[in-house]
Amino acid sequence: MVNTKSDFRKRKKEIDEYFSFLKVLNKNNIFLKYDDHDDFSKEFPISIELQKILAANTFLLLYNLMESTVRNSIIEIYNKIQDDKVSYLYLSKKIKKIWVQKNSKDILNSDNQSIKQNLQNVIDKIICDEIIVLTKDDIQISGNIDAQKIRNLACEIGFQKSDNGRHLEEIKDKRNRLAHGEQTFHDIGKNVTYGELRDRKQNIFDYLEDVIKKIEIFIESKNYKEKQ
């Protein structure tokens, strides 16, 4: 989980830096000082509207952390399966199901001439004990990560579920409204305070740290393999 943890720390640091800036903005009469081309010092007022726009941007940053952390963690599982040279016969029942679902889609999406060949390829992979390959393309989570989705992934893959995560759905919903143009940044940010955003940030940090810990235990215990 080295890569996942490193990326998680990097993104957390970026968010903490952004919150340090928001904390300064959480004051009255804020001005940005700068020098123009004539070397004269000038001030740019940070309006309440701009503050709300910047506040709304935190939902993008937090969602980015949520989705990247979950995706990276699952990729760590899939990479470990390859590194450990696990074939279909020795996969856990849950991972077998994921692999079968993946290959079933490939077969069903084939034309009539290719179905038999693709089915034969799958059978050959099983019979010949080929190493199982799952990739980031087999993780369908884009724009859809919240606590319930992570619990579903835990159930599908087999790692232990994390408790709480009460703010993840709100973060996901507001991020999606911004990403799809359903609401403006000002509309999203106008009714949330710095204190509320800070609480949500800490809740997200704590929850994702627990998810990483549980997936790390899953990998170290080799629970992606069938128990002999």
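See the structure above.
A. Fine view of the packing of helix H2 (residues 48–83) against helix H5 (residues 147–157). Viewed as axis vectors pointing N to C, H2 and H5 meet at an angle of 5 degrees, and their least axial separation amounts to 12 Å. Our classification of the angle between H2 and H5 gives roughly parallel. Here Val 70, Ile 74 and Ile 77 of H2 lie close against H5, whose contacting residues are Ile 150, Leu 153 and Ile 157. When its residues are assigned to classes, the contact of H2 with H5 shows six nonpolar, no polar and no charged.

B. Region of interest: a nonpolar patch on the surface. Judged by side-chain polarity, Leu 119, Ile 123 and Ile 127 come together as a nonpolar surface patch covering roughly 280 Å² of accessible area. With respect to the helices and strands, Ile 127 occurs in helix H4 (residues 112–127). In this structure Ile 127 comes out as exposed when scored by relative accessible area, which is 62%.

C. How the structure looks around the nonpolar core. In this structure, Ile 77 and Ile 81 are the most contacted members of the largest nonpolar core, which totals 58 residues. For this core, the element with the highest residue contribution is H2, accounting for 13 residues. Among residues more than four places away in sequence, those in contact with Ile 81 are Val 86, Leu 91, Ile 95, Ile 131, Ile 132 and Tyr 224.

D. Local environment of the packing of aromatic side chains. Summed over all chains, the structure comprises three aromatic pairs. On the basis of an interplanar angle of 80 degrees and a centroid distance of 6.5 Å, the ring pair of Phe 159 and Phe 218 is categorised as edge-to-face. With a gap of 59 residues between them, Phe 159 in the loop between H5 and helix H6 (168–179) and Phe 218 in helix H8 (residues 194–220) connect regions that are remote in the sequence. The pair formed by Phe 159 and Phe 218 is uniform in burial state, with each residue classed as buried. Sitting over the ring of Tyr 88, Lys 96 keeps its end group 5.2 Å from the ring centre. Its end group placed over the ring of Phe 19, Lys 201 keeps NZ or CZ at 4.9 Å from the ring centre.

E. Region of interest: unusual backbone geometry. The backbone phi angle of Asn 164 is positive, close to 70 degrees, even though this residue is not glycine. Looking at the secondary structure, you find Asn 164 in the loop between H5 and H6.

F. Summary view of the side chain of His 167. Position of His 167 among the secondary structure elements: in the loop between H5 and H6. You can call His 167 buried: its relative accessible area is 13%. Non-local contacts of His 167, meaning those with residues more than four positions away in its chain, are made with Asp 199, Arg 200, Asn 203 and Ile 204.

G. Summary view of the side chain of Ser 73. When you line up the elements, Ser 73 lands in helix H2. Judged by its relative accessible area of 0%, Ser 73 falls in the buried class. With near-sequence residues (within four places) excluded, Ser 73 lies in contact with Met 1, Thr 4, Ile 212 and Ile 215.

H. Seen up close, H5. Those residues of H5 not exposed but buried are Ala 147, Lys 149, Ile 150, Leu 153, Ala 154 and Ile 157. Take H5 and look down its axis: the buried residues cluster within an arc of 160 degrees, on one side only. Of the residues that open H5, the one with a side-chain oxygen 3.2 Å from the backbone nitrogen of Gln 148 is Asp 146. The first or second residue beyond H5 is Gly 158, which carries a positive phi of 115 degrees.

I. Up close: the pattern of salt bridges. Enumeration over the complete set of coordinates arrives at 15 salt bridges. For Asp 84, the salt bridge identified is with Lys 222, shortest N-O distance 3.7 Å. Of this pair, Asp 84 sits in the loop between H2 and helix H3 (93–108) while Lys 222 sits in the segment after H8, and the two are 138 residues apart along the sequence. When its relative accessible area of 23% is taken as the criterion, Asp 84 is described as partly exposed. Overall, Lys 222 belongs to the partly exposed group, its relative accessible area being 36%. Asp 137 is paired through a salt bridge with Lys 136; the nearest N and O atoms lie 3.6 Å apart. Taking relative accessible area as the criterion, Asp 137 reaches 55% and is therefore assigned exposed. In this structure, a network of salt bridges that share partners links the residues Asp 84, Lys 222 and Lys 225.

About the thresholds
- Residues numbered from 1 in each chain as written.
- Predicted model: local features only at pLDDT ≥ 70, side-chain atom pairs only at ≥ 80, totals over all residues.
- Heavy atoms only, no water.
- Axes fitted to C-alpha atoms, helices over the stretch in contact; angles between N-to-C directions.
- Helix = DSSP H or I, 4+ residues; strand = E, 2+ residues; numbered from the N terminus.
- Parallel < 35°, antiparallel > 145°, perpendicular 65-115°, else oblique.
- Contact = heavy atoms within 4.5 Å.
- Nonpolar A, V, L, I, M, F, W, Y, C, P; charged D, E, K, R; others polar.
- Patch = residues over 30% accessible without salt bridge, like charges linked within 9 Å, V, L, I, M, F, W, Y side chains within 5 Å.
- Areas by Shrake-Rupley, 256 points an atom, 1.4 Å probe, with all protein chains shown as cover.
- Salt bridge = Lys/Arg side-chain N within 4 Å of Asp/Glu carboxyl O.
- Buried < 20%, exposed > 50% of the residue type's maximum accessible area, 1.4 Å probe, protein only.
- Core = buried A, V, L, I, M, F, W, Y, C linked by side-chain atoms within 4.5 Å.
- Phe/Tyr/Trp six-rings, centres within 6.5 Å; stacked < 30°, edge-to-face > 60°.
- Lys NZ or Arg CZ within 6 Å of the ring centre and 35° of its normal.
- Arc of directions from axis to C-beta.
- Polar contact = N/O pair within 3.5 Å; in protein donor to acceptor, adjacent residues only side chain to side chain.

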